[in-house]
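Each chain, written out:
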Number of protein chains: 2
Amino acid sequence: MSTGFASEVLGRFVAESRWDDIAPVLRQEAKRSILNNLGCGLGVAKDPAVTTALAVMRNFSGAPVATVIGQGVKLDPMAASFVNAIACNLLDYDDTHLQTVIHPTAPVAPALLALAEQRGFPGAAVLHAFLLGGEVECRIGNAVSPGHYARGWHITSTCGTFGAAAGCAKLLGLSAEQTAHAIGIAASQAAGLVENLPTAAKNVGVGNAPRNGILAALLAEQGYKAAPASIEGPLGFARATGDAPDLAQITEGLGARWEIARNTYKPYPAGIVFHAVIDAALALREELSAAPDSIASVTVAGDALLLARGDRVVNNERDARVSIHHGAALGLVRGRAGVADFEMPAVTDPALAAFRAKVAAKLDESLPRGAARVTLRLADGREFQRTVLHPRGSFERPMSDAELEGKFRDNAAIGGFHARADAGIAALSGLDGAPDVTRLMASLA
Amino acid sequence: MSTGFASEVLGRFVAESRWDDIAPVLRQEAKRSILNNLGCGLGVAKDPAVTTALAVMRNFSGAPVATVIGQGVKLDPMAASFVNAIACNLLDYDDTHLQTVIHPTAPVAPALLALAEQRGFPGAAVLHAFLLGGEVECRIGNAVSPGHYARGWHITSTCGTFGAAAGCAKLLGLSAEQTAHAIGIAASQAAGLVENLPTAAKNVGVGNAPRNGILAALLAEQGYKAAPASIEGPLGFARATGDAPDLAQITEGLGARWEIARNTYKPYPAGIVFHAVIDAALALREELSAAPDSIASVTVAGDALLLARGDRVVNNERDARVSIHHGAALGLVRGRAGVADFEMPAVTDPALAAFRAKVAAKLDESLPRGAARVTLRLADGREFQRTVLHPRGSFERPMSDAELEGKFRDNAAIGGFHARADAGIAALSGLDGAPDVTRLMASLA
């Protein structure tokens, strides 16, 4: 299993994997990932970034066989998955593979659901292909991290293309060799830049991942080939986009240890390193029931990354999602941190703005990545402190199934699809026994 | 004109350019580039690499409004330009911008012709947009060369995406700001690896350039934005794919000195550094009329690049196109080097195989890049020598309009379209006065 070119090893792994050998906990994680992801898509169905992508792509679509989430229309699988991936990842409220900061599901699941809807593949095949595609995506991501992202590559878009190609190859029943070529063809399509992340150009990279992953698998099915060393060769993907890959990260324990099982889900639509800030603030509010006016000042301590990203003036929604000040203010003033709490009315809310000004950031290098310590001083001089090492939704403190269902319902309600949320949850829950994805996709239409 | 972010400077240049200000020599070069390119597409219309791309893409196409060259079908502009770019660049027999080794026309012209066919844009608008798109493509290519290709980036695919986006932006009449965003959105889609060049995966990168360039322009038209420093920023295109860009190469003399006017066309479907070998061998054959049997040995001298790429055993068509031995043999044995002379019957022709064994390669560092010296020794001991510094088709010795028309006819005949070659030449010749591209595209259908 572990010898040969990277794309060959992965091709064999994907082609030879059997659903019967997939442990129940993994099957459940696949459902959790997809539930979390689809909810994010429903929540932003009316966002102009999504409707614009749809408006452009609907003129470049073949037979309308694949559901565009929350839009009441279908497109061909490439076009539908382009729009759906953009929606599901739009707010970065979806899932995170922490070692790589890949959002694993958005590039992969939309491709598989669209292809399955077109061709009538059963639900279990989709879950199986998702786990395999996600595994390929995260393992290639591990092999090129951290140099890849540091050089400017939006790793969700780039490695997502591999994941979509590998997952589609499985769904199409390609041979090990064809799957290796699909992965190699993906290498010539992987793109997306960190520089563009604050703009809509980010969406194009994310949307292209499933769109081009489908194309890679279909071309490989028809005989298109790629170079054997497309990933690790001297002029291949890994070196072109960063450093020489650590190939052991691709092959070691493949099929025994699953990277996709290390997926995490966000309870708050904020940058993931800010979740500990919000958690600590929420806990202090619950503990003290202190009125905002009674709080004189707040100090948030964290590592260098937290400060580098989060010590900023908040002028817009994007700032709010990566602000120490806004996160602490939401926890202490509003006692919640949902989607609406990061939108413009919250950004310009005078109570939140005034409270943000009371919050100071402080470096504490003794705190690990992702942790935060919130200290508040009341007007009467008393101080209270809460340290969160592992926030809700972290790998160490995962969201429960019930919490994920609650998040799905919340997102559905935000998008105006509250009435259909239970149908979506039920369809996904039964997906491994479903003859096809019709019921699930109908609940999202 | 020359201050601001790179995408802004280019956006203003493209949006503000007026056809009336374009010199006749440039207009003619646009026609020469497109004639040369379309002929290459006609020649390979029956190649499985092309028909496979069509077979996959026809299931993912909207309304069939854009001609697929030599296939008798139309697809939507994205799908048609994907197939057409693959065809026009398949054998690398198309054009070359020597400073960057970009094939400038294949990623740009198919996008423009498809969009023009869909929307009824006039011929002059296509020629104008081609010059502007090609200029953006070559100037960004200059700015990232040589580090970009050396790192593994197939520069035709990557920079071609920018060229297609900029050209489509012009055709659509986008503002300077929208054009800058289209260029920035292209940055998040630019992909294609040198490692994959010996395989069909190369085609996918080339085909994606116009397909994604169209998408970039249409999304920018609808309001999608990109980061201002998408090209030169610390996490932008240039640094992610190589070194810091030499921004002066983008802006210096923009609109006064045209990089696209430095385009060159190949008389032989071989790697461009082998053209001097073929020319020298052809000249010696003409001079001596020596029968192959009377030639005892041949020595080909050239620089390190020629030897590194061309001193090889010839097992297949790809080897033949980059072989010192095959090039010399064609010149001296067959007295020609057309498309058929690099196909499998020529590879396995016993006369050519025997002659290739008589050819030795020798390093001569005094010879410049692209030059060659061929020395032949007859069986009777006499020696003859010919040195070619600038082969036919080089910038210093360009192919004439008549030679380009002859190449177009040859290519059309190879593809089985001999009867329509004159109609295509006439339509392209009159393109600047044509109300639309209907006549041209009908001649290629």
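Refer to the structure printed above.
What counts and how
What you see as residue numbers is a count from 1 along each chain, following the sequence as written. Whichever chain is written first becomes A and whichever ligand is written first becomes 1, with later ones labelled in order. It should be noted that, the model being predicted, local features are given only for residues of pLDDT at least 70 and side-chain atom pairs only at 80 or more, the latter also being counted only at that level, while totals for whole chains, interfaces and linings use all residues. Pairing between two strands requires that DSSP report at least two bridges joining them. Secondary structure elements are defined from DSSP: runs of H or I of at least 4 residues count as helices, runs of E of at least 2 residues count as strands, and each element is numbered from the N terminus. Comment: axis = line fitted to C-alpha atoms, over the contacting stretch for helices; angle = value between 0 and 180 degrees taken between N-to-C directions. Residue pairs are scored as contacts if the distance between their C-beta atoms, which are placed from the backbone, is within 7 Å. Residues are grouped as follows: nonpolar covers Ala, Val, Leu, Ile, Met, Phe, Trp, Tyr, Cys and Pro; charged covers Asp, Glu, Lys and Arg; every other residue, Gly included, is treated as polar. Residues reaching a pLDDT of at least 70 in both copies supply the C-alpha atoms on which the copies are superposed by least squares. Crossings are classed by handedness, with left-handed meaning an anticlockwise turn of the near helix from the far one by less than a right angle and right-handed meaning a clockwise turn.

All names here are of chain A. Here we have four strands laid out as an open sheet, ordered 6-5-7-8, and mixed in their pairing. Edge positions in the sheet fall to strand 6 (359–363) and strand 8 (383–388), since each of these pairs with one other strand and no more. On average, each strand axis in the sheet is inclined to that of its neighbour by 20°, with strand direction left out of account. In this structure, strand 5 (residues 295–302) lies alongside strand 7 (residues 372–378), joined through six bridges in antiparallel fashion.

This part covers the pairing of strand 7 (residues 372–378) of chain B. Residue and element names in this part refer to chain B. Where strand 7 lies against strand 8 (residues 383–388), six bridges are found, and the strand directions are antiparallel. In the strand pairing of strand 8, Arg-373 is matched with Thr-387. Between the antiparallel neighbours strand 7 and strand 8 lie four residues, among them Gly-381 with a positive phi of about 100°.

With 47 residues of chain A in contact, the opposing surface of chain B contributes 47 residues. Sorting the residues of the side of chain A that touches chain B by element identifies helix 3 (48–57), helix 9 (176–187), helix 10 (201–221) and helix 11 (237–241) of chain A as the ones contributing at least two each. Among the elements that line the side of chain A that touches chain B, the one with the most residues is helix 10 of chain A, at six residues. Looking at the side of chain A that touches chain B residue by residue, the classes come out as 24 nonpolar, 18 polar and five charged.

Of the transformation placing chain A onto chain B, the axial shift is 0.0 Å and the rotation is 180°, giving an RMSD of 0.0 Å. On the angle and the small slide along the axis, the relation comes out as a two-fold axis.

Here we take up the environment of Leu363(B). Looking at the element boundaries, Leu363(B) is found in strand 6 (residues 359–363). Spatially, the C-alpha atom of Leu363(B) lies 6.4 Å from that of Ala304(B), the residues being 59 residues apart in sequence.

So, about the packing of helix 4 (residues 77–89) of chain B against helix 5 (residues 105–119) of chain B. Residue and element names in this part refer to chain B. Contact geometry of helix 4 with helix 5 gives a least axis separation of 8 Å together with a crossing angle of 145°. As helix 4 runs across helix 5, the sense of the crossing is right-handed. Between helix 4 and helix 5, the contacting residues are Pro-77, Ala-80, Ser-81, Asn-84, Ala-85, Cys-88 and Asn-89 on the first element and Thr-105, Ala-106, Pro-107, Pro-110, Ala-111, Ala-114, Leu-115 and Gln-118 on the second.

Along the chain, Ala226(A) falls in the loop between helix 10 and helix 11. A C-alpha to C-alpha distance of 5.0 Å links Ala226(A) and Gly184(A), two positions 42 residues apart in sequence. Not counting residues up to four positions away in its chain, the partners in contact with Ala226(A) are His181(A), Gly184(A), Ile185(A), Ala187(A), Asn196(B), Thr199(B) and Ala201(B).

Everything listed here is a matter of coordinates, which is why it stays silent on function.
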